[in-house]
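One letter stands for each residue in the lines below.
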Amino acid sequence: MTSLATNLATSEALPRRQSRVWRKFRSNKAALLGGIIVAFFVIVALLAPLLPVPGPAVTDWGAVRQGPSAAHPFGTDEIGRDVLSRMIWGARASLMAGVVSVGIAVLVGVPLGVLSGYLRGWTDAAISRVTEALLAAPFLILAIALAAFLGPSLTNAMIAIGISAVPIFIRLARGQTMSVMTEDYVESARAVGLTHWALITRYIVPNIFPPILVQGTLTIATAIIAEASLSFLGLGQQPPAPSWGSMLNVAKNFLEQAPWMALYPGAAIFLVVLGFNLLGDGLRDALDPRDH
Amino acid sequence: MTAILSTRGLRKDFVTAKPLFGEATVVQAVAGVSLDIAAGETFAIVGESGCGKSTLARLLLRLIDPTAGEVWYKGEDLASLPPARLRALRRDLQFIFQDPFSSLNPQMSVGALIEEPMRVHSIGTRTERRAKVADLLTRVGLRPEHADRYPHEFSGGQRQRIGIARALASGPTVLIGDEPVSALDVSIQAQVVNLLEDLKDDFGLTLVIIAHDLAVIRHMADRVAVMYLGEVVECAPAGDLYAHPLHPYAEALLAAIPVASYGARPARTMVEGDPPNPIAPPPGCKFHPRCPYATDICRVERPVLADMGGGRTVACHRATELSLQGLADLEQARTPAARGRFALYAQAMADKTAHNRPE
């Protein structure tokens, strides 16, 4: 009876790590706002086919470059397409570009980084030198060069952005792996007789995951800007399919006659990037092990 | 004596600096250690920080690769085993870490941590392993329901118990503890030491305990090896060593144990200064710069471990001529009243232990 009581008491006093991270995240107003912004855009992008708006490529020649009105809340573009509809469908391109390119960067970069930090020696030297060579070229320039090389399409833009972001994750995963490798629990895994594979998947990857999650969230924001830039340059989403970057590209020709064509996609990019940055910062604070 | 674990000429060099050209700077952390650890005994390895005792402990399990030498366990040399065979042998040889806060993977539940060694070595079915986890948790003084918790929810002493349960899970024959209690509060230290002793009896283990002072392992060790700068300077049955050490360094370590007695200890420091730089150890006996008994030969010729009979070995030129002070002398120096009280205390403790052990 007593033992049950003490047991309950201690479990009250020491909450689980998961719930503590969540509580800390929740108490951070900015992070919560970031999460809400991101969730809003994700939901809108997912529900695009169900929303009561005209198709993104449907032209209304009777309403070309019209300002916001009841029929077209965000106005129409130079060939009479609904800006709101194009933004909603464009959100799919932007968010997908952000998520897919970061996905590519994580899937390629993290294994290489872990390998580099785990094996050290020549493997590490080779991987690190290539990483440094890639880092020598600025992120966006590298992405533009790769996209131009691969040919203009949204898929190629995502691949180009993904490859450009790989070195960030190699570096991060390598450093985190090296720091985890100094922990006694890695030695304890070897003492128990674990194989290298089990040690990496059960000990190293779970312990380096939090910083990679944070970096991934922040890089999604960068990738969304990169996709918009590539589309602006004509290297990303191809017409007539909408993306925020290509909308801006067209809108720059009509800034004086139809400013709303640039205003709304620009604001959307600003908001979603802000959202991902706030979310990433919040996750970093919430997952910080120093507060545990 | 049947040795379960033996080392021969075990050596480990660490490279501290390697310039692009020229010779690398090398530290001999373990400089040729030969030991025989008997089945079923508690063997303690003692020495101050930096003497290579933790390196030796890791070499015993080949958690690090030796530079030279052999480690024999049941007819196999661990130092030259292929990785797959070594992994299989890890079932028999387990390790307890010094720092309970960094030796448990924070991402795994206590149950998963304790179950892991059994899973790695394919011991039992899932249900059997779960039952064993619950049993082990009880054996180390925790509760079966703790299996679902995570390491950060426990105190240092509790975590060390979890570490011990994990070490026991695969059913080892030899348990090596690298200062298993030095990171714990003094009150908790005694509990964990008692736990290790009980488990040793229950599971028929051979214990190898690394410690930096002789106080902790006093009532626990059967035999003690004293290390200084990577070498064993004295190895003896614990009772003999505590009563009459043969090496001046062992005497110095004994003198560092607090004795509860007024005026029991002469007001002098046995050994002064820090150990010499292990990169460039002094010529002759490595201990001579700090040794109060050093003579000319000690400064020139390095002493080798010599058999002194009665299972004692010592590496000292003057071992036969010196009469060094052990703990027994100090305790004799207590006042009669103090001696009486200590005797009463010892009696009470003995009664309590007998009472607490339901047989």
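Quick caveat: nothing in here was measured; it's all calculated off a predicted structure. (Residues numbered from 1 in each chain as written. Chains lettered and ligands numbered in written order. Predicted model: local features only at pLDDT ≥ 70, side-chain atom pairs only at ≥ 80, totals over all residues.)

Of the regular secondary structure elements, chain A holds 11 helices and 0 strands. When the helices and strands of chain A are read in sequence order from the N terminus, they spell out α-α-α-α-α-α-α-α-α-α-α. Counting only C-alpha atoms, chain A reaches 75 × 55 × 25 Å along its principal axes. Every one of the 292 residues in chain A was classed for burial, and the buried ones make up 44%. (Helix = DSSP H or I, 4+ residues; strand = E, 2+ residues; numbered from the N terminus. Buried ≥ 20, exposed ≤ 12 C-beta atoms within 10 Å, placed from the backbone.)

A count of helices and strands for chain B gives 11 helices and 12 strands. For chain B, the C-alpha radius of gyration of 22 Å lies close to 21 Å, the compact-globule estimate for 359 residues. In terms of overall dimensions, chain B has C-alpha extents of about 65 × 65 × 35 Å along its principal axes. Expressed as a percentage of its 359 residues, the buried residues of chain B come to 40%. Expressed as a percentage of contacts within chain B between residues at least 6 apart in sequence, the contacts between residues at least 24 apart total 65%. (Rg over C-alpha atoms; globule rule 2.2 N^0.38 Å. Contact = placed C-beta atoms within 7 Å.)

Let us look at the UniProt feature "transmembrane region" (unreviewed entry) in chain A. Mapped onto this numbering, the UniProt entry annotates "transmembrane region" (unreviewed entry) at residues 30–51, 95–118, 130–150, 156–173, 212–237 and 257–280 of chain A. What you have in residues 30–51 of chain A is 82% helix and 0% strand, and the ends, taken at the C-alpha atoms, are 29 Å apart. (UniProt positions renumbered as here; feature names shortened; annotations may be inferred.)

Before going further, it helps to spend a moment on the UniProt feature "domain: ABC transmembrane type-1" (unreviewed entry) in chain A. Here the UniProt feature "domain: ABC transmembrane type-1" (unreviewed entry) sits at residues 91–280 of chain A. Across residues 91–280 of chain A, helical content stands at 84% and strand content at 0%; the span's end C-alpha atoms are separated by 20 Å.

For any two helices packed against each other, one specifies the inter-axial angle together with the distance between the axes. Residues and elements named next belong to chain A. The geometry of helix α6 (residues 139–150) relative to helix α7 (residues 154–181) is characterised by a closest axis approach of 8 Å and an angle of 140° between their N-to-C directions. Of the possible angle classes, the one that applies to α6 and α7 is oblique. As for how α6 packs across α7, the hand of that crossing is right-handed. Along its contact with α6, which presents Phe139, Leu142, Ala143, Leu146, Ala147 and Leu150, the element α7 presents Asn156, Ala157, Ile159, Ala160, Ile161, Ile163 and Ser164. Residues of the contact of α6 with α7, tallied by class, amount to 11 nonpolar, 2 polar and no charged. (Axes fitted to C-alpha atoms, helices over the stretch in contact; angles between N-to-C directions. Parallel < 35°, antiparallel > 145°, perpendicular 65-115°, else oblique. Left-handed = near helix turned anticlockwise from the far one by under 90°. Nonpolar A, V, L, I, M, F, W, Y, C, P; charged D, E, K, R; others polar.)

What follows concerns the UniProt feature "domain: ABC transporter" (unreviewed entry) in chain B. When the UniProt feature table is mapped to this numbering, "domain: ABC transporter" (unreviewed entry) covers residues 10–254 of chain B. In residues 10–254 of chain B, helix accounts for 34% and strand for 26%; the two terminal C-alpha atoms are 26 Å from one another.

Right, let's get into the pairing of strand β4 (residues 68–73) of chain B. Residue and element names in this part refer to chain B. Direction of pairing for strand β1 (residues 3–17) relative to β4: antiparallel, over a ladder of 5 bridges. Residue pairing across strands places Ser6 opposite Trp72, the latter belonging to β4. In the sheet, β4 pairs with strand β5 (residues 76–77) via 2 bridges, with the strands oriented antiparallel. Across the sheet, the residue bridging to Trp72 is Asp77, located in β5. Following β4, the chain reverses through 2 residues before pairing antiparallel with β5; Lys74 in that reversal takes a positive phi of roughly 45°. (Pairing = 2+ DSSP bridges.)

As a further point, take the domain arrangement of chain B. Domain parsing of chain B yields domain 1 (1–17 + 25–92 + 172–259 + 266–325) and domain 2 (335–359). Centre-to-centre, using C-alpha coordinates, domain 1 of chain B lies 31 Å away from domain 2 of chain B. (Domains from an automatic or database assignment.)

Let us now look at the interface of chain A and chain B. Of the residues lining the interface, 19 residues belong to chain A; the matching set on chain B comes to 23 residues. Within the residue set of the side of chain A that touches chain B, elements represented by two or more residues are α1 (2–13), α8 (184–192) and α9 (196–232) of chain A. For the side of chain A that touches chain B, the element with the highest residue contribution is α8 of chain A, accounting for 7 residues. A class-by-class count of the residues in the side of chain A that touches chain B yields 7 nonpolar, 6 polar and 6 charged.

What follows deals with the confidence of the model for chain B. A low pLDDT score tells you not to read the predicted coordinates there in detail. Here chain B shows a mean pLDDT of 87. Residues at 70 or above account for 92%. Overall fold confidence (pTM) sits at 0.81, and the ipTM for the predicted complex is 0.82. (pLDDT = per-residue confidence, 0-100.)

Judged by nonpolar contacts, the single largest core of 170 residues is most densely connected at Phe169 and Ile224 of chain A together with Val226 of chain B. In terms of residue count, helix α4 (residues 83–119) of chain A provides more of this core than any other element does, 17 residues in total. Among all residues touching Val226 of chain B, those that are not within four sequence positions of it are Val46, Gly47, Val232, Val233, Glu234, His247, Tyr249, Ala250 and Leu253 of chain B. (Core = buried A, V, L, I, M, F, W, Y, C linked by C-beta atoms within 7 Å.)

The next point concerns unusual backbone geometry. Each neighbour pair has its own omega, and for Pro239 of chain A with Pro240 of chain A the value is 5°, a cis peptide bond. Backbone geometry at Arg120 of chain A places phi at a positive 55°, although glycine is not the residue there. Along the chain, the position of Arg120 of chain A falls in the loop between α4 and α5 (121–136). Owing to 14 C-beta atoms within 10 Å, Arg120 of chain A belongs among the partly exposed residues under this scheme. Phi at Arg62 of chain B is positive, roughly 50°, even though this residue is not glycine. When you line up the elements, Arg62 of chain B lands in the loop between α1 (53–60) and β4.

Residue and element names in this part refer to chain B. Spatially, 4 strands are ordered β2-β1-β4-β5 in an open sheet, and the strand pairing comes out antiparallel. Each edge of the open sheet carries a strand with a single partner, namely β2 (25–38) and β5. In the sheet, β1 pairs with β2 via 11 bridges, with the strands oriented antiparallel. When the bridges of β2 are listed, Arg11 appears paired with Ala31. Contacting β1, β2 and β4, α1 crosses the sheet at an angle of about 60° to β2.

Below, the discussion takes up the confidence of the model for chain A. Residues and elements named next belong to chain A. Summing up the model confidence of chain A, the mean pLDDT is 86 and the portion of residues at 70 or higher is 92%. Averaged pLDDT values for the elements of chain A fall to 41 in α1 and rise to 94 in α7. Every residue in residues 1–14 scores below 50 in pLDDT, and together they form 4 contacts with partners more than four places removed in sequence or on other chains.

Residue and element names in this part refer to chain B. Pairing in this open sheet of 8 strands is mixed, and the strands run β6-β7-β8-β3-β9-β10-β12-β11 from one edge to the other. With one partner strand each, in any of the chains shown, β6 (93–96) and β11 (306–309) form the two edges of the open sheet. In this sheet, adjacent strand axes meet at a mean angle of 20° when their direction is disregarded. As judged from the 2 bridges shared by strand β10 (residues 231–237) and strand β12 (residues 312–314), these two strands associate in the antiparallel manner.

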